[in-house]
Protein chains: 2
Amino acid sequence: MKGYLQVYTGNGKGKTTASIGLAIRAAGAGLPVLFAQFVKGMKYSEIGALERYSDLITIKQYGRGCFIEREAQKEDIEVAQKGLNELREILQLGEYKIVILDEANIALYYKLFTVNQLIDIIRNRKPDCEVVVTGRYAPQDLIDEADLVTEMKEVKHYYTAGVQARKGVEC
Amino acid sequence: MKGYLQVYTGNGKGKTTASIGLAIRAAGAGLPVLFAQFVKGMKYSEIGALERYSDLITIKQYGRGCFIEREAQKEDIEVAQKGLNELREILQLGEYKIVILDEANIALYYKLFTVNQLIDIIRNRKPDCEVVVTGRYAPQDLIDEADLVTEMKEVKHYYTAGVQARKGVEC
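A quick note: this is a predicted structure, and the numbers were derived from the prediction, not measured.

(A) Representation of the interface of chain B and chain A. Contacts between the two partners involve 43 residues from chain B and, on the opposite side, 43 residues from chain A. Elements supplying a minimum of two residues to the side of chain B that touches chain A: α1 (15-28), α2 (45-50) and β6 (148-156) of chain B. With ten residues, α1 of chain B is the largest single contributor of residues to the side of chain B that touches chain A. When grouped by side-chain class, the residues that make up the side of chain B that touches chain A number 21 nonpolar, ten polar and twelve charged. Inspection of the sheet shows strand β6 (residues 148-156) of chain A paired to β6 of chain B by seven bridges, in the antiparallel sense. Residue K156 of chain A lies in a different strand from β6 of chain B, and its bridge partner there is V149 of chain B.

(B) Seen up close, the sheet that holds strand β2 (residues 33-39) of chain B. Across the sheet, which stays open at both edges, the twelve strands sit in the order β3(A)-β2(A)-β4(A)-β5(A)-β1(A)-β6(A)-β6(B)-β1(B)-β5(B)-β4(B)-β2(B)-β3(B) with mixed pairing between neighbours. Sheet topology places β3 (57-62) of chain A together with β3 (57-63) of chain B at the edges, where each strand pairs with a single neighbour. For this sheet the average axis-to-axis angle between neighbouring strands, irrespective of direction, equals 15 degrees. Bridging between strand β1 (residues 5-9) of chain B and strand β5 (residues 130-134) of chain B involves four bridges; their strand directions are parallel. Bridged to Q6 of chain B within β5 of chain B is V132 of chain B. Its contacts with the sheet place α1 of chain B against β1, β2, β3, β4 (98-102), β5 and β6 of chain B, and it is angled at close to 165 degrees to β4 of chain B.

(C) Broad picture of unusual backbone geometry. All names here are of chain A. Even without glycine at this site, Y137 takes up a positive phi of about 65 degrees. Mapped onto the secondary structure, Y137 falls in the loop between β5 (130-134) and α6 (140-145). Using a count of 13 C-beta atoms within 10 Å as the deciding quantity, one classes Y137 as partly exposed.

(D) Focus on the relation of the copies chain B and chain A. Its rotation angle being 180 degrees, the transformation that places chain B on chain A also includes 0.0 Å of axial translation and leaves an RMSD of 0.0 Å. Accordingly, the operation relating the two chain copies is best matched by a two-fold axis. Of the residues that chain B buries at the interface, 100% are likewise interface residues in chain A, meaning the two copies contact each other through the same surface.

(E) Molecular detail of the environment of L84 of chain A. Residues and elements named next belong to chain A. Tracing the backbone shows L84 in helix α3 (residues 74-93). In this structure the C-alpha to C-alpha distance between L84 and L101, which are 17 residues apart in sequence, comes to 9.8 Å. Setting aside its immediate chain neighbours within four residues, L84 contacts F113, Q117 and I121.

(F) Representation of the packing of helix α1 (residues 15-28) of chain A against α1 of chain B within the structure. Running from N to C, α1 of chain A and α1 of chain B point in directions that differ by 90 degrees, and their axes come no closer than 6 Å. In this view, α1 of chain A runs roughly perpendicular relative to α1 of chain B, as classed from their interaxial angle. Taking contact as the criterion, the partners of T17, A18, I20, G21, L22, I24 and R25 of chain A in α1 of chain A are, on α1 of chain B, T17, A18, I20, G21, L22, I24 and R25 of chain B. In the contact of α1 of chain A with α1 of chain B, the residues fall into eight nonpolar, four polar and two charged.

Calculation rules
Residues numbered from 1 in each chain as written. Chains lettered and ligands numbered in written order. Predicted model: local features only at pLDDT ≥ 70, side-chain atom pairs only at ≥ 80, totals over all residues. Contact = placed C-beta atoms within 7 Å. Helix = DSSP H or I, 4+ residues; strand = E, 2+ residues; numbered from the N terminus. Nonpolar A, V, L, I, M, F, W, Y, C, P; charged D, E, K, R; others polar. Pairing = 2+ DSSP bridges. Axes fitted to C-alpha atoms, helices over the stretch in contact; angles between N-to-C directions. Buried ≥ 20, exposed ≤ 12 C-beta atoms within 10 Å, placed from the backbone. Least-squares fit on C-alpha atoms with pLDDT ≥ 70 in both. Parallel < 35°, antiparallel > 145°, perpendicular 65-115°, else oblique.

Laid out in structure tokens, this is it:
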């Protein structure tokens, strides 16, 4: 079965959330999943919840545990590049049938690696591996490369009315 | 904590998937979740996957186990209305902190119940209950009622290139 490249982007809510859902659905079908998260590196509820599927879902975090403000530091780049190198090997081995690169678009946005580097490891994957890239600001080169692209578009958002992120709902 | 009304709609991939992710994230934070699914009523991998969270996520299916072709049958309407009545009580009791009404927009589209019926049970919920409605064709009245609306927009889709739904990925 050929694996495809899926991209979830846009300014709306639901990108990481959908990738969590994809991981769970695949695990529900008995497929081994890698959930790799760039930039964030924080212990969100979703990561905790996925731990219940530790027999099928492996979690890797390639972030420093804090959001990047304004521009990336040397350490942000190092940890992301290290992650990318690890992913290159993982994707070539093809142990996981679904590999989620959560917030990889944000890593691109902050220039932690280049879109060519990312596309290169995706092209060199074992062909039956499905790759899912999330995060706003997906670059056009990645969209061109992808088989499926969904834009999560914000139509209405209560944050603009001053609601803070709530544990178990947004984080 | 006040609960909000979230709507995920649009023709793109990721609506049910995001609602699965929301359920998992909430469960990861220890919140009790109801995942109610209209129309579909089939045993998708995602439903199977959620069963591992049966201590926190309750699943109810208010569909006849097949897709509706062209127009709804009397039985489709009966099972959806029965579901809606059950949900009315559940939402008033407020036992679940997150209630997902998956494909409720599709139920509206097929006129299994009216948008006024749906909005009525949502308005009469226990105030701390978060409600999530998914499905394409969200009607304007529901969008007006919602606190957060995300449109999943199809930018590119490999189905158009003839790929069938794959177990563990789409279903």
